[in-house]
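The chain contents come next:
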Amino acid sequence: MGTWGAGLYSDDTTCEVRDEFRARLSSGETPANAESQILTRYEHLLTDEQIACLIYFSLADTQWGFGCLSELVKTRAEVLLAAGGDLKHWKSESPADVRVRR
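Computed from a predicted structure; not experimentally measured. (Residues numbered from 1 in each chain as written. Predicted model: local features only at pLDDT ≥ 70, side-chain atom pairs only at ≥ 80, totals over all residues. Heavy atoms only, no water.)

(A) Structural detail: the overall build of the chain. The secondary structure content of the chain amounts to six helices and zero strands. Helices and strands appear in the chain in the N-to-C order α-α-α-α-α-α. Across the 102 residues of the chain, 42% fall into the buried class. Long-range pairs, those at least 24 residues apart, make up 50% of the contacts in the chain with a sequence separation of at least 6. As displayed, the chain offers around 5,800 Å² of accessible surface, 53% of which is attributable to carbon and sulfur atoms. (Helix = DSSP H or I, 4+ residues; strand = E, 2+ residues; numbered from the N terminus. Buried < 20%, exposed > 50% of the residue type's maximum accessible area, 1.4 Å probe, protein only. Contact = heavy atoms within 4.5 Å. Areas by Shrake-Rupley, 256 points an atom, 1.4 Å probe, with all protein chains shown as cover.)

This is how it looks when you write it as structure tokens:
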């Protein structure tokens, strides 16, 4: 996974999730099906809190932008945020970027 900054779309995973959701909608899939396919694709990585943050935050932001934020994604993103999100990883890996990431 490549990361080049602290912004939400400053790494490969969040860009892939966003781009896949957009592409699936463009090809005629429903938002619910697009979400399901993406979460299935990344299912094996969702136990890693840092990666779960990347996936759920980018999916929530993308769905919000399309006006179709699902309760599942919203709730999972809120739970992760309430637990501190991925800030503990940023504190250990790139302390100077924590403020920007927050």
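From this point, the discussion proceeds with the structure in view.
(B) Structural view of the pattern of salt bridges. For the structure on display, the rule yields four salt bridges. Ionic pairing is found between Arg 24 and Glu 20, a salt bridge with its closest N-O pair at 2.9 Å. Linking Arg 24 with Glu 20, this pair stays in helix 1 (residues 12-26), spanning four residues, or about one helical turn. Across the salt bridge formed by Glu 29 and Arg 24, the nearest N and O atoms sit 2.7 Å from each other. With relative accessibility at 22%, the residue Glu 29 sits in the partly exposed group. (Salt bridge = Lys/Arg side-chain N within 4 Å of Asp/Glu carboxyl O.)

(C) Molecular detail of the nonpolar core. The biggest cluster of nonpolar side chains holds 19 residues, and the ones touching the most others in it are Val 17, Phe 21, Ile 38, Ile 55, Tyr 56, Leu 59 and Leu 80. Elements that contribute at least two residues to this core include exactly helix 1, helix 2 (31-41), helix 3 (49-66) and helix 4 (71-82). It is helix 3 that contributes the most residues to this core, eight residues altogether. If we skip the residues at most four places from it in the chain, Tyr 56 touches Leu 39, Leu 46, Val 73, Arg 76, Ala 77 and Leu 80. (Core = buried A, V, L, I, M, F, W, Y, C linked by side-chain atoms within 4.5 Å.)

(D) Main features of the packing of aromatic side chains. Applying the stated criterion across every chain, the model contains one aromatic pair. Positioned above the aromatic ring of Tyr 9 is the side chain of Arg 18, whose terminal nitrogen or guanidinium carbon lies 4.7 Å from the ring centre. (Phe/Tyr/Trp six-rings, centres within 6.5 Å; stacked < 30°, edge-to-face > 60°. Lys NZ or Arg CZ within 6 Å of the ring centre and 35° of its normal.)

(E) Just helix 1, in detail. An ideal rise of 1.5 Å per residue puts 21 Å on 15 residues; helix 1 measures up with 21 Å between its terminal C-alpha atoms. Of the surrounding elements, those touching the buried residues of helix 1 are helix 2 and helix 3. The N-terminus of helix 1 is capped by Asp 11, whose side-chain oxygen sits 3.0 Å from the backbone nitrogen of Thr 13. Note on helix 1: the residue one or two positions beyond its end, Gly 28, has a positive phi of about 100°. (Expected span 1.5 Å × (residues − 1). Polar contact = N/O pair within 3.5 Å; in protein donor to acceptor, adjacent residues only side chain to side chain.)

(F) Representation of the packing of helix 1 against helix 2 within the structure. Between helix 1 and helix 2, the least distance of the axes is 9 Å, while the angle of their chain directions is 145°. Every pair of crossing elements has a handedness; the one defined by helix 1 and helix 2 is right-handed. Note on element contacts: helix 2 touches helix 1 through Pro 31, Ala 34, Glu 35, Gln 37, Ile 38 and Arg 41, opposite Glu 16, Val 17, Glu 20, Phe 21, Arg 24 and Leu 25. Across the contact of helix 1 with helix 2, the residue classes break down as six nonpolar, one polar and five charged. (Axes fitted to C-alpha atoms, helices over the stretch in contact; angles between N-to-C directions. Left-handed = near helix turned anticlockwise from the far one by under 90°. Nonpolar A, V, L, I, M, F, W, Y, C, P; charged D, E, K, R; others polar.)

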